[in-house]
Every structure is written in structure tokens, then in C-alpha cells.
Amino acid sequence: MNPIRPYLPAIVLAIMCSILSCKSPKENHQNKALPNIVLINVDDLGWKDLGFMGSEYYETPNLDALAKEGMIFYNAYAGAANCAPSRACLLSGLNTPRHGVYTVSPSDRGNSKTRKLIPIKNTDHLNDTIYTLPQMLKSAGYITGSFGKWHVGNDPKEKGIDVNVGGSAKGNPGKGGYFSPYKIDHITNGPDGEYLTDRITKEAISFVEKYRDTTFFLYLPFYTVHTPIMGKEKLIEKFKAKKGSNGQNRPDYAAMVASMDENVGKLLSSLKANGLEKNTLVIFTSDNGGIRAISEQNPLRAGKGSYYEGGIRVPLLIKWPGKIKPNSSATARVSNMDFYPTLQNIASPDKKAPLLDGIDLEPIFSGKSQVKRDLFFHFPIYLQEYQGLQDGSRDPLFRTRPGSVIISGDWKLHEYFEDGPLELYNLISDPSEENNVAEQNPDKTQELLEKLMEWRKATNALVPSQKNNEYDAAFEQKMIQEKSLR
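Since the model is a prediction, treat every value here as computed from it, not as a measurement.

Some remarks on the overall build of the protein
If you tally the helices and strands in the protein, you get 13 helices and 17 strands. Here the C-alpha radius of gyration of the protein, 24 Å, is about what a compact globule of 486 residues would show, namely 23 Å. Overall, the C-alpha framework of the protein stretches about 100 × 55 × 45 Å when taken along its three principal axes. Across the 486 residues that make up the protein, the buried fraction comes to 58%. Contacts spanning at least 24 positions in sequence make up 69% of the contacts within the protein whose residues lie at least 6 apart. Distance from the positive charge centre (59 side chains) to the negative charge centre (56 side chains) of the protein: 4 Å.

Shown next as C-alpha cells:
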């Protein structure tokens, strides 16, 4: 008898394990039945700051071309009106009451004499109990990479990211930080004068090339177009020679938008060059509305930090070859919280999130459904006006005072906690939210208010009720009058 024969099964198994590393296709990151996923999240990019969304001043040829290859969502919303809470919603799939990230700390911003209530304390980062989108995708066998602004924790690698370049708790690149030497974490300096948007994209492309034979999730949260507003000098000169329109006329900001678009084009070209285009789902969006003092989003009211439409409505387009019809659009009201459940249903991970607040967008992708649902926003905090500039918010002292919002169908109700006022708008007839029709529509106002209170109860949303002893009504009115005269 051949002395080796009894050991043949073990030998064969050892050889197979050596080839396959004794892992399933998911564990080997080789499940090519699943699409690669690219999620591009631009910082503070306004709803109309792109050619395909109607801007006549900004130039975005690469994104305009991408829009023709996929679906534009005209009524897309961020989960919150500024950076950290919106990103927390996107990465957790949960609304703000569930993770407690309501703002960029602290929650008691603005002059204490003008705040009637003690706001709910803010949570700076996603806590360890949150099962994030990258962690879920890792469970499905994805290699995960993040390139740019993280802002919901100190280290993305603690939240499911395999490769991190430039991401930490920092929310902006710092003074002068768009040009090397950089002032952000987890990145090496490039040649003097290297542009951060170029560098972040270069790192993302290297990730694509390295992991092109795997299944990957590429999260590209650009620092641009967040302040400081710093574009390349040649592009600034170009836009100085171009006439602005409809409240969009800053050459330095236009230069930042143009560089962002150029780099999105580079990344898309890399996908195509590596034979990945047909099996890659691409999502492009912004983390919140734009800063109105920099770029207006007419007819939308206000901007970043406000829960009027200009602060929460964002651009969104999605391309998925074979699944989304080219040159299509949707008017359904959707949220960045919908990305998580949509991608989870696509990826079928070993471990799913125990709770998600968004919906699966796939029925919209196919054109079979426009999905009617209510959207909720909760902000039990104060956020002061933007650099002393009025932006169309409720009063000139704050972009946000404590309150909640519900969007139900074409109706939107604002409830403010300081003294209980209600504002009701029809977003079809009044997208600028100029005409409060709460008194003319008492039944609709009460219906939405009851829905809002039921939702807060279901999500254990904390509502501030403690009076602020430092509040001074006379001082507040004097401040409002002075600001209104400027």
C-alpha cells in the first residue's frame, strides 16, 4: 500500500486551503457578483452648485456627463443641516435622535443671553455601539477605503475602514490647508503647492488600481468645498472673466467646484480604464446645503445649518449600469440615510444592521415606484448665524433654534421648542418657504404635528425644556434689531 495514500485527503485539503486561504468568496473579497461601490460626498456643496442642477456659472462637465449615465434625484435631503450630524446619519443609517450627533460641538452656540432654553447636550462622534455602513460592507466581503473628511470619530479604521487617507475628527483642512503642507491627519505632505483635492483623488485611484480584482467600497468624502475658500489660481482667473448669475458669482468658489469636478472625472476614468465601470455603483452627493453667503441656491431659502430647504436639500445622482436607466430622474423625497439600507440589501452581508431609519431605493432605481414616505429632522440645539451674515433663517441671530421638522408629501411643518410656534409650507407652490400657511390649514398643521410628536416618542428624541436663566429678552430684541439694520 502506498504510504502516502491515507494522507491524500488531508494533502488535497491543504493545497486547496493554500489556494483559497481556507476562506469563502466573501472572506476572500472575490465576490464579483456584487458591485463595487463608490460613494462621493462633497462638503457643503449646494443643491444648485452643478451644471446638471441648473447652475449657469459653475462648470461641471464630468458630473453633467455622469448625470446622463444615471439617475438624478431632484428632492434629495441630507439627514441634517451641517457636517457631523449629516455624516453620522449617512454612516449609521440612523436619524439624529438615535445617535445623538446633532451638530459640531457644542450645542449651545451663539450668545447665551439670546437662548431661551438649555439645549440637549451633543454627542461628538458615533459611539462604539453603532454598526456602521463600512462595517456592514466588510461583513459582505468588501475591502473598504476612505479618502478625505471622516469627522465622526478619531480613526475611521475603528469603524470598518481598511484604508484611510486624510480622515480623522477634523472637519476642515485648516487655514491654508488646501495646499501642501497639509494640516489634516493621516496624510503625508506632497510637493509644496500640491492641491488637496488632487491628492485625495490620487490616493483613491491608487486604491482602485490596487484592489481592482476584489470587491471594494470606496468612500470619497472630499474636504472641498468647505471653507477656507481656496481654488487654484489659474481657475480663479478663468472665472473672474465669467459673468455670475442668480447669486452665484464667486470665482474662488467656482474654481473649487471645477477642481472637484475634474477629480471626479479622473476617478471615473480610472474605473473605466481598469474595466470596472460596468460593475460599479456610483453615488454622488453633498453632506448638507451650501453656505448661502458664498453661493445662493434660489429658490431655496437659507443655507447650511438651517432646516429650511437650502440647508438640507442636496444634489444626488446615482449610476448603476444595468440597474438604473441612463438619463433618468426621480422626484421622490429621499435621504442620505437611505444609502445604508439600499447597499445592505444589495450586499447581503453576514451581519446586518439591527435597525435602520432609511428605505431601500432599488424600487426607485427601476422606475417601478416613487416611494411615498415622511422625512423627519430633529435639532434640539442652537447654531449661531454664519459669520454675522443673514442667510434667510428664521431670525438673524441663529441658523437653527431648537425644534423639529417633518416633510410629508408636499407639505413641510417646522415646530420650534422655545415658544411653540409652527410654520407650514407647501413645497410645490412655495419652495422658498416664504408663506407660512399654518393658520389657513389647521387640519393639515395638526395632522403633521401629531405625526412629528409620535415620531419623537418612537425614537426617544430628547426635547429641551429647561429654561436658560441667562436669557435676556430685551437684549435679544436689541441684537435682532441691530442685525436687521445691517
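Observations concerning the side chain of Thr132
With respect to the helices, strands and loops of the structure, Thr132 is situated in the loop between helix 4 (96–99) and helix 5 (133–139). A distance of 2.7 Å separates the side chain of Thr132 from the backbone oxygen of Lys159, its partner in a polar contact.

A few points about the layout of surface pockets
It is a probe the size of a water molecule, rolled over the atoms, that shows where empty space is left. In this structure, the largest pocket occupies an estimated 270 Å³ of space. Along its surface, the largest pocket is lined by 17 residues, and Cys83, Val104, Arg109, His226 and Lys304 are the ones closest to its centre. In the lining of the largest pocket, the residues fall into five nonpolar, eight polar and four charged.

Examining helix 13 (residues 473–485)
In this model, helix 13 (13 residues) spans 19 Å end to end at C-alpha, consistent with the 18 Å of a helix rising 1.5 Å per residue. Within helix 13 the residues assigned to the buried category are Glu476, Ile480 and Lys483. All buried residues of helix 13 fall inside an arc of 70 degrees around its axis, so they share one side. Those residues of helix 13 that are exposed and angled more than 90 degrees off the buried face are Ala474, Lys478, Gln481 and Leu485.

Looking at helix 8 (residues 251–273)
The end-to-end C-alpha distance of helix 8, which contains 23 residues, comes to 33 Å, matching closely the 33 Å that a straight helix rising 1.5 Å per residue would cover. Among the 23 residues that make up helix 8, 18 are buried, leaving the element largely enclosed by the rest of the structure.

Looking at the confidence of the model for the protein
On average, residues of the protein score 93 in pLDDT, and 93% of them reach the 70 mark or higher. This stretch, residues 1–30, has a pLDDT under 50; its non-local contacts, to residues over four places away or in other chains, come to 27 contacts.

Considerations on the pairing of strand 4 (residues 143–147)
A large share of strand 4 lies buried, amounting to five of its five residues. Residues Ile143, Gly145 and Phe147 point to one face of strand 4 and Thr144 and Ser146 to the other, with burial holding for every one of them. Two elements, strand 4 and strand 6 (residues 216–220), share four bridges in a ladder whose sense is parallel. Pairing of Ser146 across the sheet is with Tyr219, part of strand 6. The pairing of strand 4 with strand 5 (residues 163–165) spans three bridges and is classified as parallel. Bridge assignment links Phe147 to a residue of strand 5, and that residue is Val165.

A closer look at the side chain of Thr214
Residue placement: Thr214 occurs in the loop between helix 6 (196–210) and strand 6. Accessibility expressed as a relative area gives 12% for Thr214, which makes it buried. A distance of 2.7 Å separates a polar side-chain atom of Thr214 from the backbone oxygen of Tyr211.

So, the nonpolar core
Of all hydrophobic cores here, the largest spans 59 residues; its most connected members are Ile40, Leu45, Phe216, Leu218, Leu220, Met260 and Phe284. Broken down by secondary-structure element, the contributors of at least two residues to this core are strand 1 (36–42), helix 2 (61–69), strand 4, helix 6, strand 6, helix 7 (233–240), helix 8 and strand 7 (280–286). When residues of this core are assigned to their parent elements, the largest contribution, 11 residues, is made by helix 8. Apart from the residues lying within four places of it in its own chain, the contact partners of Ile40 are Leu220, Phe222, Val264, Leu267, Val282, Ile283, Phe284 and Thr285. Listed in part, the 46 residues of the second largest apolar core include Leu34, Leu126, Phe217 and Ala332.

Comments concerning the packing of helix 7 against helix 8
Interaxial distance between helix 7 and helix 8 falls to 8 Å at its minimum, and their mutual angle equals 120 degrees. The angle between the axes of helix 7 and helix 8 places the two elements in the oblique class. Once helix 7 is placed against helix 8, the crossing between them reads as right-handed. The segment helix 7 lies against helix 8, with Leu235, Ile236, Phe239 and Lys240 engaging Pro251, Asp252, Ala254, Ala255, Ala258 and Ser259. Residue classes in the contact of helix 7 with helix 8 are distributed as seven nonpolar, one polar and two charged.

Thresholds applied
Residues numbered from 1 in each chain as written. Predicted model: local features only at pLDDT ≥ 70, side-chain atom pairs only at ≥ 80, totals over all residues. Heavy atoms only, no water. Helix = DSSP H or I, 4+ residues; strand = E, 2+ residues; numbered from the N terminus. Rg over C-alpha atoms; globule rule 2.2 N^0.38 Å. Buried < 20%, exposed > 50% of the residue type's maximum accessible area, 1.4 Å probe, protein only. Contact = heavy atoms within 4.5 Å. Lys, Arg positive; Asp, Glu negative; His and termini not counted. Charge placed at Lys NZ, Arg CZ, Asp CG, Glu CD. Polar contact = N/O pair within 3.5 Å; in protein donor to acceptor, adjacent residues only side chain to side chain. 1 Å grid on protein atoms, 1.4 Å probe; cavity = no way out; pocket = protein on both sides within 12 Å on 5 of 7 lines; lining within 4 Å. Points joined across faces, edges and corners; volume = space filled by probe spheres on them. Nonpolar A, V, L, I, M, F, W, Y, C, P; charged D, E, K, R; others polar. Expected span 1.5 Å × (residues − 1). Arc of directions from axis to C-beta. pLDDT = per-residue confidence, 0-100. Pairing = 2+ DSSP bridges. Core = buried A, V, L, I, M, F, W, Y, C linked by side-chain atoms within 4.5 Å. Axes fitted to C-alpha atoms, helices over the stretch in contact; angles between N-to-C directions. Parallel < 35°, antiparallel > 145°, perpendicular 65-115°, else oblique. Left-handed = near helix turned anticlockwise from the far one by under 90°.

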